[in-house]
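Structural features, examined
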Amino acid sequence: MAAETARRVRHSVARPSGDDVRKNAAAALQRALDRRDNGGSTGH
């Protein structure tokens, strides 16, 4: 039983394309800059 619980199952995960990664990074950067510049996208 211990041997079975120690075994890990590896699931295949779809990797996002490079373009999606770039878009997500750009959006995250813009949100961070917005927070720093004016307290957030809502301006509070």
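Preceding this section is the structure that the text describes.
Counting restarts for each chain, with residues numbered from 1 along the sequence as it is written. Residue-level local features of this predicted model are given only where pLDDT is at least 70; pairs of side-chain atoms are given and counted only at 80 or more, and the full residue set underlies all totals for whole chains, interfaces and linings. Side-chain figures throughout are based on the complete set of non-hydrogen atoms in the structure, without hydrogens or water.

**Some details on the overall build of the protein**
What the protein contains, in helices and strands, is two helices and zero strands. Categorising residues by exposure relies on relative accessible area from a 1.4 Å probe, with only protein chains included: less than 20% of the type maximum marks a residue as buried, more than 50% marks it as exposed, and the intermediate range marks it as partly exposed. The buried share of the protein, taken over its 44 residues, is 2%. Strands are runs of DSSP state E lasting at least two residues, helices are runs of H or I lasting at least four, and both sets are numbered from the N terminus onward.

**Topic: the pattern of salt bridges**
Take a side-chain nitrogen of Lys or Arg and a carboxyl oxygen of Asp or Glu: if they are within 4 Å of each other, that pair is a salt bridge. One pass over the full model with this rule turns up two salt bridges. Across the pair Arg 22 and Asp 19 runs a salt bridge, and its minimum N-O distance is 3.9 Å. Of this pair, Arg 22 and Asp 19 both sit in helix α2 (residues 18-38), separated by three residues, roughly a single helical turn. One salt bridge connects Asp 19 with Lys 23, and the closest N-O pair in it is separated by 3.7 Å. Here the residue Asp 19 and the residue Lys 23 both occupy positions in helix α2, the gap between them amounting to four residues, near one helical turn. You can call Lys 23 exposed: its relative accessible area is 53%. Linked through salt bridges whose partners overlap, the residues forming this network are Asp 19, Arg 22 and Lys 23.

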